[in-house]
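Chain and residue survey
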There are 2 protein chains.
Amino acid sequence: MSTYAIVMAGGAGTRFWPASRAKTPKQLLPLGADPNESLLGATLRRIEPIVPAERVYIATGAHLAEATAAIAPNAKILAEPVPRNTAPCIGWASQVIESVDPEAVIMVLPSDHYIADEPGFVEVLLRAVQSAQRGIITTIGVVPTRPETGYGYIEAGEEIAPGVKRGVRFVEKPDRARAEEYVASGRFLWNAGMFFFKAAAMREAIARHLPELASGLAGDVITNFPTLPSISIDHGVMEKLDELAVVPGDFGWNDVGNWQSAWELAAKDQDGNALPPGAVAVQSRNNLVRAPSGKVYALVGVSDLVVVETADAVLVMSREQSQDVRYVVDALKDRKRTDLV
Amino acid sequence: MSTYAIVMAGGAGTRFWPASRAKTPKQLLPLGADPNESLLGATLRRIEPIVPAERVYIATGAHLAEATAAIAPNAKILAEPVPRNTAPCIGWASQVIESVDPEAVIMVLPSDHYIADEPGFVEVLLRAVQSAQRGIITTIGVVPTRPETGYGYIEAGEEIAPGVKRGVRFVEKPDRARAEEYVASGRFLWNAGMFFFKAAAMREAIARHLPELASGLAGDVITNFPTLPSISIDHGVMEKLDELAVVPGDFGWNDVGNWQSAWELAAKDQDGNALPPGAVAVQSRNNLVRAPSGKVYALVGVSDLVVVETADAVLVMSREQSQDVRYVVDALKDRKRTDLV
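Residues numbered from 1 in each chain as written. Chains lettered and ligands numbered in written order. Predicted model: local features only at pLDDT ≥ 70, side-chain atom pairs only at ≥ 80, totals over all residues. Heavy atoms only, no water.

Examining the overall build of chain A
- When helices and strands are counted, chain A shows 11 helices and 16 strands.
- Relative to the globule expectation of 20 Å for 341 residues, the C-alpha radius of gyration of chain A, 21 Å, shows essentially globular dimensions.
- Judged by the C-alpha coordinates and their principal axes, chain A covers about 60 × 45 × 35 Å.
- Sorting the 341 residues of chain A into buried and exposed places 56% on the buried side.
- Residue pairs in contact within chain A that sit at least 24 positions apart in sequence constitute 65% of those at least 6 positions apart.
- Split by element, the accessible area of chain A, about 14,100 Å² in all, is 50% carbon and sulfur.
- Looking at chain A, you have 33 positive and 41 negative side-chain charges, and the mean spots of the two groups are 3 Å apart. (Helix = DSSP H or I, 4+ residues; strand = E, 2+ residues; numbered from the N terminus. Rg over C-alpha atoms; globule rule 2.2 N^0.38 Å. Buried < 20%, exposed > 50% of the residue type's maximum accessible area, 1.4 Å probe, protein only. Contact = heavy atoms within 4.5 Å. Areas by Shrake-Rupley, 256 points an atom, 1.4 Å probe, with all protein chains shown as cover. Lys, Arg positive; Asp, Glu negative; His and termini not counted. Charge placed at Lys NZ, Arg CZ, Asp CG, Glu CD.)

Some points on the interface of chain B and chain A
- Taken residue by residue, the interface counts 35 residues in chain B and 35 residues in chain A.
- For the pair chain B and chain A, the summed buried surface comes to about 2,700 Å²; carbon and sulfur atoms form 64% of the total.
- Between E309 of chain A and K295 of chain B there is a salt bridge; the shortest N-O distance is 2.6 Å.
- Taken together, the connections running from chain B to chain A amount to 22 residue pairs in polar contact (both at pLDDT 80 or more).
- Broken down by secondary-structure element, the contributors of at least two residues to the side of chain B that touches chain A are β12 (280-282), β14 (296-300), β15 (305-309), β16 (313-318) and α11 (325-334) of chain B.
- By residue number, the principal contributor to the side of chain B that touches chain A is β16 of chain B, which donates 6 residues.
- Each residue belonging to the side of chain B that touches chain A can be placed in one class, and the counts come to 23 nonpolar, 6 polar and 6 charged.
- In the sheet, strand β16 (residues 313-318) of chain A pairs with β14 of chain B via 5 bridges, with the strands oriented parallel. Across the sheet, residue M317 of chain A finds its bridge partner in β14 of chain B, namely V300 of chain B. (Buried area = accessible area lost by both parts, 1.4 Å probe. Salt bridge = Lys/Arg side-chain N within 4 Å of Asp/Glu carboxyl O. Polar contact = N/O pair within 3.5 Å; in protein donor to acceptor, adjacent residues only side chain to side chain. Nonpolar A, V, L, I, M, F, W, Y, C, P; charged D, E, K, R; others polar. Pairing = 2+ DSSP bridges.)

A few points about the sheet that holds β14 of chain B
- Taking strand neighbours across the sheet as the criterion, the 5 strands line up as β13(A)-β15(A)-β16(A)-β14(B)-β12(B) in an open arrangement whose pairing is mixed. The strands lining the two open edges of the sheet, one partner per strand, are β13 (288-290) of chain A together with β12 of chain B. Strand-to-strand, the axes of this sheet are offset by a mean angle of 5°, without reference to chain direction.
- Sheet topology note: the β12 of chain B/β14 of chain B ladder contains 3 bridges and is parallel. Its bridge partner lying in β14 of chain B, A281 of chain B is registered against L299 of chain B.
- Each of β16 of chain A together with β12 and β14 of chain B touches helix α11 (residues 325-334) of chain A; the most contacted strand, β12 of chain B, lies at about 140° to it. (Axes fitted to C-alpha atoms, helices over the stretch in contact; angles between N-to-C directions.)

As for the relation of the copies chain B and chain A
- If you rotate chain B by 180° and push it 0.0 Å along the axis, it lands on chain A with an RMSD of 0.0 Å. Here the copies are linked by what is in effect a two-fold axis. It is V316 of chain B whose C-alpha, among those of chain B, lies nearest the rotation axis, at 4.4 Å.
- A share of 100% of interface residues in chain B that are also interface residues in chain A marks the association as one of identical surfaces. (Least-squares fit on C-alpha atoms with pLDDT ≥ 70 in both.)

Considering the sheet that holds strand β14 (residues 296-300) of chain A
- Read from one edge to the other, the open sheet built from 5 strands follows the order β12(A)-β14(A)-β16(B)-β15(B)-β13(B), with strand pairing classed as mixed. Pairing within the sheet leaves two strands with one partner each, and these edge strands are β12 (280-282) of chain A together with β13 (288-290) of chain B. Each strand axis lies, on average, 5° off the axis of its neighbour in the sheet, ignoring direction.

Quick notes on the nonpolar core
- Ranked by size, the top nonpolar core spans 44 residues in total, and within it V56, I58, M107, L125, M194, F196 and W253 of chain B carry the most contacts.
- Setting aside its immediate chain neighbours within four residues, F196 of chain B contacts I106, M107, L109, L125, A128, V129, A132, I136, I137, T138, T139 and I140 of chain B.
- Counting 43 residues, the second largest nonpolar core, distinct from the first, contains L28, V56, M107 and A161 of chain A. (Core = buried A, V, L, I, M, F, W, Y, C linked by side-chain atoms within 4.5 Å.)

Things to note about the side chain of Q27 of chain B
Residues and elements named next belong to chain B.
- For Q27, the position within the fold is in the loop between β1 (3-8) and α1 (39-47).
- Its relative accessible area of 1% is what places Q27 among the buried residues.
- In contact with Q27, other than residues within four places in its own chain, are A9, G10, G11, S38, L39, L40, L64, S111 and D112.

Nothing here speaks to function; it is all geometry.
Spelled out as structure tokens, the structure:
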């Protein structure tokens, strides 16, 4: 019984503009601690000890297939003709893998997250794979470190195997008060979008809970793709399962949500600055500058800024307003500057 | 009796780094209100109605001669082999002009200042020229608008002709309390480095007050230049004159001292931003962005910044700390990055 991975690499995030564009979304960018490794590249490297590249299936958009293959030359690329959310994508990839190996155990992983404790992460992965091998669809729940309102949560029940708990229910992004309750209870974990199952178990779950998807997958998938129901695996399958396992994990997870996260993850000098080589900083603290141009950056009397230079654009932003970069993307779309977004 | 101009264009300012460099100092940059006109170009255009280009002598460094001639193709360029402050430069240029026109009346003007009220300025120039024609060395004193400690002052006495006063004395940059006294008195004016004289009057003043300079100028000036006394015309001549006239002027003068001044002078939108074409500003106020690269600039949640991009460097600075850009230049010199300064 071999382990396979489906790596979800279809994201089209605008939260890292101007570095991220429609054709170079977040997972293709070096937004983790190593400025020379893309988030997708780091994802593949982390699982390499337990899932060799030839058993990795990367699900991405057709327009990203080439750039994705450049990062992962030995993986299989599944190019979705149109984006239809995660359930069709996972259903399709599972079916492809089952056709190759009917006994396959599959892990589904996002391609655009950061993990600080890589050995700890692999340990949790192995535990989740073991759980899936026992026939139960399994997820990882990240032990929360703050009452975050931007993530969904998973309620965990009693232990059903060493380090594995019963998954009671998925809950949507909570408000602040609810999030504080969740964290205080010790029973709630963050949903990080990682799922583990035998190929047959997922096929059966889709047949039962998403019959429309199952019949679409039975025919010519590429042709049918635009007609498949656009629904997440969470809503379409996970939330409806009679039985679910969850493996709590605490491995320094970061979803790299925006430039603020990138500053948190970047290697910084004693003044909290993450700057390109040769930069000069005068009375300046806690800034992130990303500029592959090679220009010499000089900062004077500025703090808590994000500066990102690309070949055609420069962003200068208050780090605390990192989520507002979307207003820039909106403004550029309004002006029909599709070359810039 | 014709009027000539000596335009002092030898400045090597570092206060506009990264736009200003050893080979592109301040006067060659478009730092006034018009982003397409250099300060030197504006200086020449302002005096054109009263001093045509062929009677303009631009004193500059040999390394700047070519770039200066490109801006002023019809003016005469006097290229100093080494910088020796203003007295040798003015003595030399006056002598050259006197050899062409023994009756010449000469105005000495800085090349790197901004003037808002150009007709008002020309009126003051004409009054100063008239005063000089009467044989008295004359200066312009700018009516102070604040107790500035960064400029020298001229004390004015009684009126000796309509709009012309007796120059009592030059005083050095004062401390704050002294500057406040000066402004309150109504008798003190800013020294803006503008001087007016008959060629013969300056020759005689130099012979009397700077005999060492006079004898150096008597021989081969280019050969002698490195041996001439390095002294300002203010210290060497003006302060020692028995008789001096000063014309008070109030014409929106700005010495364009640093990027703060450039922001003050720039055309700004309703949020106080001076940005390149196509820029997007979200919750951002009172910023200056200079970027001839054509890149699209996006500002998010930032205020009171100066951002300057050149082909090889980018400055991001708190506008209020504009004077501190020199620390960047110092740091780059320490690192032997002479390519950048």
